[in-house]
Structure formats: structure tokens, C-alpha cells
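Given next are the chains, with one letter for each unit.
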Amino acid sequence: MIIETRAKRPADFGAGLPSFFRAVLAARGIASDVDLELPLADLHSPTTLPGIDAAAQRLAAAVASDERILVAGDFDADGATASALCVSVLRAFGARQVGFVVPNRFEFGYGLTPELVDVALERQPDVLVTVDNGVTSFDGVARAQSAGVDVIVTDHHLPGEELPRACALVNPNLPDSAFPSPHLAGVGVAYYVMGAVRAVLRTAGHFEKRAVAEPKLADWLDLVAVGTVADVVPLDRNNRILVYQGLRRMRSGRTRPGIRALVESSGRALSRLAAGDIGFAIGPRLNAAGRLDDMALGIHCLLEEDAAAARKQASVLEQLNAARRHIEQDMNDDAVALIEGDRGARPGAEDAEGGGDGVALCVYQAGWHQGVVGTVAGRMRERFHKPVVAFADAGDAAPDELKGSARSIPGLHIRDAIADCAARDPGLIDKFGGHAMAAGLSLRRRHLPRFRRAFADAVARRVSSRHLAGVAVTDGELPGAELTLANAHLVKDHGPWGQGFEEPSFHGEFDVVAQRVVGERHLKLVLRHDGRVADAIAFNQEPVAGKRVCAVYRLGVNDYGDAETLQLEIDRLEAC
């Protein structure tokens, strides 16, 4: 295990905080007590967000004129929360004809495709608003515009060299954008757009004319928090404000019935909800709908106003998530066997491809579930510390097509690596898009060996041996005296933590007092360090040999039972 430590100089503020935690804050750019405050008033102004004025004017006109508005979402948690937010807010503005359409990943694929537009046109919309997609949907936008429908694209994905010819295009990552926070999730972009629409309607006296109470957009921050955390976008200060304020409202009980039901079905307590609960429990339950069935199920749950109906819908999502976990585990086992060279380990391996050599991994096996390859790629990235692309068959409608999902390692912009493959070998990749850490693509089955070589070459040009070493970056070692429940609460209370504002982690050597397997594949331990004994949990971890271990861990709170206790949440574990 290779470990690097972040800078440990404690910050000069926060006299009441332990020195180790002042060092944690300093390492994350917190320079004063003011930086710890996350008020809504400090959100960046929308004025520099490209396209927002044109989008707000057109949508406000549609609301005032009772035009038909259709929101076109995406099949992940970010797209679902953005869809629910726009539909719900527009209705609160007084819009009388608002609906949504979301692509089924198995029928339409990602984005505003011409096929999805044809489905949308059956609803006879006047305005079509994309959320969390659209910046690369050239053909779909053109199809809708040619049918007389004004298209407003709201997205956060990186654009290509060409932009769709939409009525308005709102995206903080456009080349001419001066917006200070390019890391907004799709739901964050949608939240800003709805705020701008409200401002136009307010100026026009719309709410007085309609006798409609002007909505407080803060009431929708629960959706913004869920979508932002679930999409794993970097938590810069602007996103931290959005997530913090959303979590604050959720903990106080100010959340919609659908989110409350999802929290309950996951076994979490709403009053103690943290960003990690969204990432590991709420987001996956929403995403399960898009991975295995239809994300419309998730959107309806988020829009549901009746508590009993929301609980029934959340129960369906819970069942889908359980099925997703089972499918994913089988695929993870397949992928490990392929990477480690045991091709005959499982049925179907005769039509499979993978390998553990080189700097990058590509894995494919016939029969894999298209909706789960993204999570498999993520698991293989964690296990082998290499960028991974996992592929599945696209389906009967395109028997020679593969759908791929890519996950990266720190230091590698994986969309740029895939773009490099496409530029160097035109025709190799049919479509692609994504972010620095995650991307999607499609290609012909016969091109897979060629892509594997091209992808490995593109990665090799961009990474060093250090990137591939699986370096664990921690906030140092803690003496046993600091392993306390109070410090675990201290960490929790200073969130939200997440991508780009990582939760504090530490490393150290421990004596193993006891260990046992619990649940499916989790390891429950009792560890001793500097005379202090603490419980610990390591997920998806086999028992370790020997009586002394090296661990990378976080300070967690175990609230199962009558009393809270300290629990070390282990990220990396090996015998010393």
C-alpha cells in the first residue's frame, strides 16, 4: 500500500478545533471561519451563465401564455432530479401544461435522439427543455426545431466542437462561459434556470396576475442536493452551498414525500442524513430505475405528493436496486476473472474479452446487462487502480453494437482520452461523451480489439506510474486519543464532503482484536491502536491474515441500536 499525506500545517483559525482537524480544513483550502459558512446568499450570480437570459425569456413566455412545455430528462439520478425540479417548479409558477419524457436506455439510448423527439412530438409541445443532456444532441434538436418546437438545452456535460442549433443553450462548460463554477450538475443548471425564469415572471407581474404565490426556490434544494451528490460532480464551494442547504432542509423534515420514502426504504434517518447517505443509498435507488427499467418510475416518485403512494413507489425502486446489486455482483465476478486471465471461469466466457496487462482495462462479456456496466467499471477501477471501460451488447435492435461505460483514475481526463482515440482513428467510435472521471461510448463489436489498443495508447500518453500505483492520499495518522465519537461527529458536522472536497481519511497500523464476515461480503473488525479499541467495517473485504493490519480509514458514526458509537470506515486494508 502506497500512502501519501496531505499538507499537515494546521490552519490559523478555529481555535476550538483539534489541530488535526484544522490541518484537514487547511488542506482543503479553508482559510477562515467565513469559508466554513455556506449561506445561499453566497451562490454565484446566474448572470454569467451562458444562454440563461434567452432560456428564461422563452420559458417565461411559455408559462404566461399557457403553452405546452415538455421536459426531456436523462436516465440517471441527476437527470431524474432535474426533470422533477423543472416540472414541479413550472407548475408552481402557474404553468398548466407541463409534462416530461425520459428515454428508456434500452430503446433510445442517451440524450435527445430523433427517436425520442418523435415520441415527444406526439404530446404536441410548444417548448422542449432538455435537462442533464442535449449539448451533443444535434440531430434530435434539429428534428424538434424543424417540427416547429423551440428547444431549450440545459446541460453540464462537455461540448464538442459543434453545438446544437437550439433556441437557447445553457451550459457552464461552453467555451465562452465566464461562470465561476463549471462543476454544476445538471440539476444545478436547472435550478439556476428556474431562478432566472422566476425573475422574468416577477418583473412582468405574472404572479399577481395569476393570483399565484411566488414560489421560494429554496423549497426545491432537496432535489438539487440529491442530484448533485449522486452525479459525483466536484464539490466546489458553490456546489457545497447547494448540497449543504438541501441537506439542512431535509434533516429538518422539509422534503418531498418521494425523497422521504427513499430515505426510509434505505434504513437511513432523515434527521441525520449526510451526503454519503445520498451517494451510497438514495442515489443508487433512483439510478436502479434507469439501469434496469425506466427512469420515469424514479421521476414519478420524486413528483408524488401523497406519502402513501410515494412509499409504494419507493418500494418498487428498492426491489429494482436489490436486483441491480445481484446482477452487478455476478458481472463483477466475471470481470475479475477476465482481467486475471481465468476466461473459462464462468458460463459465457467463450464470447468475452478482457485483460489485466498494460495501463488500461477493457472488459466485455456477452449477456452482460447494459444498465450495470457503469458500476462494474467503477468497481474494477477501484480494485485494479487503472482506468476501465466495461462494455455490454446494445440489444437486439443493434446486434453488432456495444455500449461502453468508462471510469477514470485521478489525473486522467477519460473523456479526452476517448476523444483522442476517435480523432486518431475516425470511424472507430460511433458516439461518446462525458466528464473527466466518467464517460460513455458506443462502437461496433468488431472494433473492440482495435479500441482496446487505441485506448491503452491514449492512456499511456497521459499517465505516469504514480497514477497507476493506487496511491492512497490521507490526512496523516491519528493517535489513539483522537479516535473518538466526538471527532467523528466533528467531521460529519463540517460536511458536505464529496468529490473535490474529500472526507478526511487517515492511515495507521492496528492490532486485530477480532474479525468476522457480516452481510454479503463485508468484514466487521475490532481494532486496537495506541491502547484505544474501536469497531471497524470494511465493505467487500475478505478476512485478513495475521494479527496486525495497515488501514486507510474514515471516522464514522454507527447509530445502529440504542446508542451511537465510533466506527472506523475502512477504505483500504492489508496485512502489515
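This structure is a prediction, so every number in the text was calculated from the model and none was measured. (Residues numbered from 1 in each chain as written. Predicted model: local features only at pLDDT ≥ 70, side-chain atom pairs only at ≥ 80, totals over all residues. Heavy atoms only, no water.)

## Let's talk about the overall build of the protein
Our working definition: A run of DSSP states H or I qualifies as a helix once it reaches four residues; a run of E qualifies as a strand once it reaches two. Both are numbered from the N-terminal end. Here the radius of gyration uses the C-alpha set of atoms, whereas the globule reference equals 2.2 Å times the residue count to the power 0.38. For the exposure calls, accessible area comes from a 1.4 Å probe over protein chains only, and a residue counts as buried if that area is under 20% of its type's maximum, exposed if over 50%, partly exposed in between. Whether two residues are in contact is decided by their heavy atoms, any of which lying within 4.5 Å being enough. To measure how exposed things are, a 1.4 Å probe is used in the Shrake-Rupley method; for residues, cover is taken only from the protein chains shown.
Summing up its helical and strand segments, the protein has 17 helices and 18 strands in all. Its C-alpha atoms give the protein a radius of gyration of 24 Å, within 12% of the compact-globule value 25 Å for 576 residues. Along the three orthogonal principal directions, the C-alpha set of the protein runs to about 70 × 60 × 45 Å. The buried share among the 576 residues of the protein stands at 53%. Residue pairs at least 24 apart in sequence account for 66% of intrachain contacts in the protein once pairs closer than 6 positions are excluded. With an accessible surface of roughly 23900 Å², the protein has 49% of that area assigned to carbon and sulfur atoms.

## What to know about the sheet that holds strand β18 (residues 565–575)
Sheet strands line up and pair through hydrogen bonds in the backbone, either parallel or antiparallel. The cut-off we apply is this: Any two strands are treated as partners once DSSP identifies two or more bridges connecting them. Structural elements are reduced to axes, namely lines fitted to C-alpha atoms, with helices fitted over the stretch in contact, and the angle between N-to-C directions of any two is expressed from 0 to 180 degrees.
Strands sit in the order β14-β15-β16-β18-β17 around a closed barrel of five strands; the barrel is mixed. Neighbour to neighbour, the strand axes of the sheet diverge by 50° on average, direction disregarded. Two elements, strand β16 (residues 532–538) and β18, share four bridges in a ladder whose sense is parallel. Looking across to β18, one finds that Ala536 is bridged to Leu568. Contacting β17 (548–558) and β18, helix α17 (residues 485–493) crosses the sheet at an angle of about 70° to β17.

## Topic: the pairing of strand β4 (residues 127–131)
Selection criterion: For the handedness criterion, the strands are oriented away from the viewer, and a crossover whose path from the first strand over the helix to the second runs clockwise is classed as right-handed.
In terms of burial, β4 is largely enclosed, as five of its five residues are buried. With burial as the criterion, each face of β4 is covered, one bearing Val127, Val129 and Val131 and the other bearing Leu128 and Thr130. In this structure, strand β2 (residues 69–72) lies alongside β4, joined through four bridges in parallel fashion. From the neighbouring strand, Ile69 faces β4, where its bridge partner is Val127. With five bridges connecting them, β4 and strand β5 (residues 150–154) associate as parallel partners. Residue pairing across strands places Thr130 opposite Val153, the latter belonging to β5. Regarding topology, helix α5 (residues 138–146) serves as the crossover connection from β4 to the parallel β5, and that connection is right-handed.

## Observations concerning the nonpolar core
What counts here: Take the buried residues of types Ala, Val, Leu, Ile, Met, Phe, Trp, Tyr and Cys, join any two whose side-chain atoms come within 4.5 Å, and each joined set is a nonpolar core.
Counting 138 residues, the largest nonpolar core has Leu85, Met194 and Leu555 as the members making the most contacts within it. Examining the composition of this core, we find that 10 residues originate from one element, helix α6 (residues 186–203), more than from any other. Discounting chain neighbours no more than four positions away, the residues touching Leu85 are Val187, Ala190, Tyr191, Met194, Trp220, Leu223 and Val224. Within the second largest apolar cluster, 27 residues are counted, among which are Val359, Ala360, Cys362 and Val459.

## Notes on the environment of Ala322
Following the sequence through the fold, Ala322 ends up in helix α13 (residues 307–339). On a C-alpha basis, the gap between Ala322 and Ala288 in space is 8.7 Å, while along the polypeptide they are 34 residues apart.

## Description of the state of the cysteines
What counts, and what does not: The term disulfide is used for any two cysteine sulfur atoms that are within 2.5 Å.
Inspection of every chain in the model, using the stated rule, returns one disulfide. Shown here is the disulfide that connects Cys550 with Cys576, its sulfur atoms set 2.3 Å apart. Residues Cys550 and Cys576 are joined through a disulfide that is right-handed, its torsion about the S-S bond being 135°. Of this pair, Cys550 sits in strand β17 while Cys576 sits in the segment after β18; the two residues are 26 residues apart in sequence, bridging distant segments of the chain. Of the cysteine sulfurs around Cys86, a residue in no disulfide, the closest is that of Cys167, at 15 Å. Look at Cys86 and you get buried, because its relative accessible area is 2%. Just so you know, Cys421 is unpaired, no disulfide at all, and the nearest cysteine sulfur is the one on Cys362, 8.5 Å from it. With relative accessibility at 2%, the residue Cys421 sits in the buried group.

## Topic: the environment of Phe21
If you trace the backbone, Phe21 turns up in helix α1 (residues 19–27). The exposure class assigned to Phe21 is buried, which follows from its relative accessible area of 0%. For the pair Phe21 and Lys8, spaced 13 residues apart in sequence, the C-alpha to C-alpha distance is 9.5 Å. In contact with Phe21, not counting residues within four places along its chain, are Leu490, Val491, His494, Trp497 and Pro504.

## Here's the deal with the pattern of salt bridges
So the rule is basically this: Each reported salt bridge corresponds to a side-chain nitrogen of Lys or Arg within 4 Å of a carboxyl oxygen of Asp or Glu.
Counted according to the given criterion, the structure contains 34 salt bridges. A salt bridge links Glu509 to Arg548; the nearest nitrogen and oxygen atoms lie 3.3 Å apart. Within this pair, whereas Glu509 is found in strand β14 (residues 506–518), its partner Arg548 is found in strand β17, the two being separated by 39 residues in sequence. With a shortest N-O distance of 3.0 Å, Asp571 and Arg554 are connected by a salt bridge. Here Arg554 lies in strand β17 and Asp571 lies in strand β18, a separation of 17 residues in the sequence. On the accessibility criterion, Arg554 (17% relative accessible area) is buried. One salt-bridge network, in which partners are shared between bridges, spans Arg324, Glu328, Arg379 and Glu382.

## Observations regarding the side chain of Asn287
Within the secondary structure layout, Asn287 lies in helix α11 (residues 275–292). Overall, the relative accessible area of 13% leaves Asn287 in the buried class. Contact partners of Asn287, with chain neighbours within four places excluded, come to Asp76, Ala77 and Met295.

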